[in-house]
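Next come the chains, spelled out residue by residue.
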Amino acid sequence: MLKRFLPNEHVKSIFDIRPKSLKEKGIKGVITDLDNTLVAWDVREATPEVKNWFKEMQDEGIKVTIISNNKEDRVKFFSEPLNTPYVFSARKPLRRAFKIAAKEMGLKREEIVVIGDQLLTDVLGGNSAGLHTILVVPIVETDEKITRINRTIERRILSYFRKKGKIKWEE
């Protein structure tokens, strides 16, 4: 059961994920979390670096969809200037939002990666939907209240995986 929390990959940030390396793996689509994955949870707009990352993905033909448990106004305000599809109130880790995003992209499961900063929402949801998952380090250490609770649980799960030799990276 705990294996559903184990990401396929771990990187420091989205900027370590390059479109050419995704294409080499047959990846044509990215489903990404918003808060603490793309920008800090209290930042409303994309930074110039994030805008450039989206442009690079688009230039290489990689489709990107943002899925977030946040409310529509937050996700729409962030996504529309990037001309990026989004799913709000996603209720991650439930599979529904991941399946909606994949269907709208018109891609097969093996052609999509899920990128996020939380094991309990992004990785669990992506794995449950049968997608490749990439865990990123959260952009900032502060979180909303519910996320702080999740982080405590995540630290225990990561510690277990580390002891079992399933992960090699440090927090």
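Starting from 1, residues in each chain are numbered consecutively following that chain's sequence as written. Whole-chain, interface and lining totals are the exception, using all residues; otherwise, since this is a predicted model, local features are given only for residues with pLDDT of at least 70 and side-chain atom pairs are given and counted only at 80 or more. As a convention, hydrogens and water are excluded, and side-chain values are obtained from all of the structure's heavy atoms.

S.K.: What am I meant to see in the pairing of strand β6 (residues 132-136) here?
M.R.: For the exposure calls, accessible area comes from a 1.4 Å probe over protein chains only, and a residue counts as buried if that area is under 20% of its type's maximum, exposed if over 50%, partly exposed in between. We count a stretch as a helix when DSSP gives it H or I for four or more residues in a row; a strand needs E for two or more, and each element gets its number in order from the N terminus. With four of its five residues buried, β6 lies for the most part within the structure. Any two strands with at least two DSSP bridges between them are considered paired. Pairing between strand β1 (residues 9-11) and β6: three bridges, direction parallel. Considered in β6, the bridge of Val 11 is made with Val 136. Where strand β5 (residues 112-116) lies against β6, four bridges are found, and the strand directions are parallel.

S.K.: So what exactly am I meant to see when it comes to helix α5 (residues 119-128) here?
M.R.: The periodicity of an α-helix, 3.6 residues per turn, causes residues three or four places apart in sequence to face the same way. Most of α5 is tucked away: 10 of the 10 residues are buried. Along α5, the residues that are buried comprise Leu 119, Leu 120, Thr 121, Asp 122, Val 123, Leu 124, Gly 125, Gly 126, Asn 127 and Ser 128. Immediately beyond the C-terminal end of α5, within one or two residues, lies Gly 130, with a positive phi of roughly 80°.

S.K.: What is the right way to look at the pattern of salt bridges in this model?
M.R.: Should their charged atoms come close, side chains of opposite charge can pair. Any Lys or Arg side-chain nitrogen located within 4 Å of an Asp or Glu carboxyl oxygen qualifies as a salt bridge. Summed over the entire model, instances satisfying the criterion amount to nine salt bridges. In this structure, the salt-bridge partner of Asp 33 is Lys 92, at a minimum N-O distance of 2.8 Å. Of this pair, Asp 33 sits in the loop between β2 (29-32) and α2 (48-59) while Lys 92 sits in the loop between β4 (86-87) and α4 (96-105), and the two are 59 residues apart along the sequence. The exposure class assigned to Lys 92 is buried, which follows from its relative accessible area of 7%. When salt bridges that share partners are traced, they join Lys 20, Lys 23 and Glu 60 into one network.

S.K.: Where do I start with the packing of aromatic side chains in this structure?
M.R.: Ring pairs (aromatic) are described by centroid distance and by the angle formed between their planes. Classification of ring pairs uses Phe, Tyr and Trp, with its six-membered ring standing for Trp, and accepts pairs whose centres are within 6.5 Å; under 30 degrees between planes counts as stacked, over 60 as edge-to-face, and the remaining range as tilted. If you walk through the whole model with that rule in mind, you get three aromatic pairs. Taken together, a centroid distance of 6.5 Å and an interplanar angle of 45° make the contact between Tyr 86 and Phe 88 tilted. An angle of 55° between the planes, with centres 5.9 Å apart, marks the rings of Tyr 160 and Phe 161 as tilted. Judged by its relative accessible area of 36%, Tyr 160 falls in the partly exposed class. On the basis of relative accessibility, which here comes to 2%, the residue Phe 161 falls in the buried class. Lysine NZ or arginine CZ positioned within 6 Å of the ring centre and within 35 degrees of the ring normal marks a charge as sitting over the ring. The residue whose ring lies beneath Arg 44 is Phe 77, and the NZ or CZ to ring-centre distance is 4.0 Å.

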